[in-house]
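Fold and contact review
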Amino acid sequence: MTGRRRTRSSSLPALPRPVRATALAVGAAALCASLTAACGVVPGATGGSGDDPVRVMTWAPQDTDATNKPGMPAMARAYAKWVNAHGGIDGRRLEVLTCNDHNDGVGAAKCARRAAAENVVAVVGSYSQFGDSYLAPLEGAGIPYIGGYGVTNDEFTGAMSYPVNGGQPALLAGLGKALAAECGRVALVRPDSIAGDELPTMLDSGLRAGGHRDAGDQLAAEDATEYGGQAERALRYATGDPTRKGCVVPALGDRTDTFMDSFRRARADFPDVRTATVLGSVDQTVIDATGGATGPYEGAYITGWYPVASDPRWDAMRKVINEEAFGDNRIDPADAGVQTTWIAYTVLKAVLEKIGDREVSADTVRHTLDDGLRVSTGGLTPVLHWPYEGRLAAVGFPRLVNADVTLQVVRGGRLVAARADTGGTHGAADLTSTLEHADVP
């Protein structure tokens, strides 16, 4: 959920997006050899038509000082092994290439260019903070981006992006709406980064929908080793109204746990506050590691895109993990990244089944998605489809088609559904109307 701030030069005019996309796509083949070390491959031949395997790519940052999502490419490889062990998809084997973008714009662009050079038919179930680096080369090569994590707003604007969730906009709007009735002052602690700059607007849209004032926006380094100063400032702001309990919302990706360690020490000097965050910053593993029922997350509200990990609708994913990746501790079934990759590959499977015995290419995958395909995910999301422009086009999110959010709470050290009447089907609330009124810059 974070991205590094970059210095932009104003000495030269920016290229129009189509020209920039074409320029970035040129030279992909020449770069391929130098990129091989960054990417791994599930063995198999190249191709995507006839009896050849269907080649796709999944990428995510790994082994960095900021947010890491190793479970996403690991889940993709497990899915491919399981599919191929059961006869493939409509008779076709699936070949998965993986790439590490290193939480870097240059790395993200390299992964995208390698996808083009390797002739993949789609990039599926991936995470990167640098949409402006990877979407242009993908668009230049005509490669669809299916089921990104939703970490930046770029994923909800690109014509070749097919998101499966509402990303950070939906999570933060849902959290704001839930906190509006519960909290006095709300302090948001978020990264001092480009992706972080997008977070306050979304949280405030939910707060305003509940008649609440905007959150106090507090910036923090995304790779800090301690957050004592930020924790004290957040607590001072949140407890500024003695008539209502305040709330502190850390949204720092993998560094949320580091913040909470500092917060735990600082909060003893302040009145009691509630904590809240979004899934992806916190999961059950983090809650367990920080003390469970006696830890800092007890009672915290957490918004997610999908049902809680214990829901039986995840049984099919768990079966694949048990059969093909048992003991692989990178794959946590409760991780929102792993879950997003599973849903993205569910979409890919539906696309390939729709194509049938016709040629499989980036063009046919994209056209199948654009021609009104509707994908059931077994109740994990609403039925997914991607019209040219969705309801949220007016506020800058033309590709955001699923704004459902689930509200969860840490109770007795376990992450459980907060309440059955959150709204919508199976406890999910549709935040489309709230986001329609967001003040997006």
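Our subject is the structure listed above.
In short, a report on the structure. As the structure is a prediction and not an experimental result, all values here were calculated from the model.

**Some words on the state of the cysteines**
Here is the idea: a disulfide is a covalent bond, and it sits between the sulfur atoms of two cysteines. Within the structure shown, the criterion is met by two disulfides. Across the disulfide from C183 sits C247; the S-S distance is 1.8 Å. The disulfide joining C183 to C247 has a torsion of about -75° about its S-S bond and is therefore left-handed. With C183 in the loop between α6 (167–180) and β7 (186–191) and C247 in strand β9 (residues 247–250), this residue pair connects regions lying 64 residues apart in the sequence. Take C183 and C247: they sit in the same class, and that class is buried.

**Let's talk about empty space enclosed by the protein**
The final tally for this structure, using the stated rule, is one cavity of 30 Å³ or more. Computed from the structure, the largest cavity encloses a volume of approximately 30 Å³. Taken together, G150, V151, T152, N153, Q168, P169, A195, E198, L199 and M202 make up the full set of residues lining the largest cavity. When residues of the lining of the largest cavity are traced back to their parent elements, those giving at least two are α6 and α7 (199–209).

**A word on the nonpolar core**
By size, the foremost hydrophobic cluster in this structure holds 110 residues, and its most contacted members are V56, M75 and L94. Residues in contact with M75, not counting those within four places in the same chain, are M317, V320, I321, I331, V338, T341 and W342. Membership of the second largest hydrophobic core comes to 17 residues, among which are W59, L138, I143 and A362.

**Things to note about the environment of G396**
Here G396 lies in the loop between α13 (362–370) and β12 (404–411). In this structure the C-alpha to C-alpha distance between G396 and F156, which are 240 residues apart in sequence, comes to 7.8 Å. Sequence-distant contacts of G396, defined by excluding residues within four places in its chain, comprise F156 and T157.

**Quick word on the packing of aromatic side chains**
All told, the structure shown has 13 aromatic pairs when counted by the stated rule. Aromatic pair Y127 and Y149: ring centres 4.9 Å apart, planes at 55°, arrangement tilted. Taken together, the positions of Y127 in the loop between β4 (123–124) and α5 (131–141) and Y149 in the loop between β5 (145–146) and β6 (161–162) put the pair 22 residues apart, joining distant regions of the chain. Judged by its relative accessible area of 1%, Y149 is buried. Put simply, the rings of Y127, Y149, W305, Y306 and W314 pair up and form one aromatic cluster.

**A closer look at the layout of surface pockets**
Size it by volume and the second largest pocket reaches roughly 390 Å³. Around the second largest pocket, the lining is made up of 22 residues, and of these N68, D254, D283, V286 and D335 lie nearest the centre. The leading source of residues in the lining of the second largest pocket is helix α10 (residues 284–289), at three residues. Across the lining of the second largest pocket, the residue classes break down as eight nonpolar, six polar and eight charged.

**Some points on the pairing of strand β11 (residues 301–304)**
Residue alternation in β11 divides its side chains into two sets, Y301 and T303 and I302 and G304, and both sets are buried. Note that strand β10 (residues 274–278) and β11 share three bridges and pair parallel. Paired with T277 across the strands is I302, a residue of β11. In this view, the connection linking β10 to its parallel neighbour β11 by way of α10 has right-handed handedness. Direction of pairing for β11 relative to β12: antiparallel, over a ladder of four bridges. Residue pairing across strands places I302 opposite Q408, the latter belonging to β12.

**Quick word on the packing of helix α11 (residues 315–324) against helix α12 (residues 336–355)**
In the contact formed by α11 and α12, the axes pass within 11 Å of each other and the chain directions differ by 100°. Put simply, α11 runs roughly perpendicular to α12. Contacts from A316, M317 and V320 in α11 reach V338, Q339 and W342 in α12. The class makeup of the residues in the contact of α11 with α12 is five nonpolar, one polar and no charged.

**Some details on α5**
Summarising burial for α5: eight of the 11 residues are buried, a large majority. Burial in α5 covers these residues: G131, S133, Y134, L135, A136, P137, L138 and E139.

**Regarding the pairing of strand β3 (residues 94–99)**
The element β3 is extensively covered by neighbouring structure, given that six of its six residues are classed as buried. Alternating positions in β3 separate into two faces, L94, V96 and T98 on one and E95, L97 and C99 on the other, with burial throughout. Where strand β2 (residues 54–59) meets β3, six bridges bridge the pair, whose relative direction is parallel. When the sheet's bridge partners are listed, T58 is paired in β3 with T98. Running through helix α3 (residues 71–85), the crossover from β2 to the neighbouring parallel element β3 is right-handed.

The rules behind the values
- Residues numbered from 1 in each chain as written.
- Predicted model: local features only at pLDDT ≥ 70, side-chain atom pairs only at ≥ 80, totals over all residues.
- Heavy atoms only, no water.
- Disulfide = S-S within 2.5 Å.
- Helix = DSSP H or I, 4+ residues; strand = E, 2+ residues; numbered from the N terminus.
- Buried < 20%, exposed > 50% of the residue type's maximum accessible area, 1.4 Å probe, protein only.
- 1 Å grid on protein atoms, 1.4 Å probe; cavity = no way out; pocket = protein on both sides within 12 Å on 5 of 7 lines; lining within 4 Å.
- Points joined across faces, edges and corners; volume = space filled by probe spheres on them.
- Core = buried A, V, L, I, M, F, W, Y, C linked by side-chain atoms within 4.5 Å.
- Contact = heavy atoms within 4.5 Å.
- Phe/Tyr/Trp six-rings, centres within 6.5 Å; stacked < 30°, edge-to-face > 60°.
- Nonpolar A, V, L, I, M, F, W, Y, C, P; charged D, E, K, R; others polar.
- Pairing = 2+ DSSP bridges.
- Right-handed = clockwise from strand over helix to strand, strands pointing away.
- Axes fitted to C-alpha atoms, helices over the stretch in contact; angles between N-to-C directions.
- Parallel < 35°, antiparallel > 145°, perpendicular 65-115°, else oblique.

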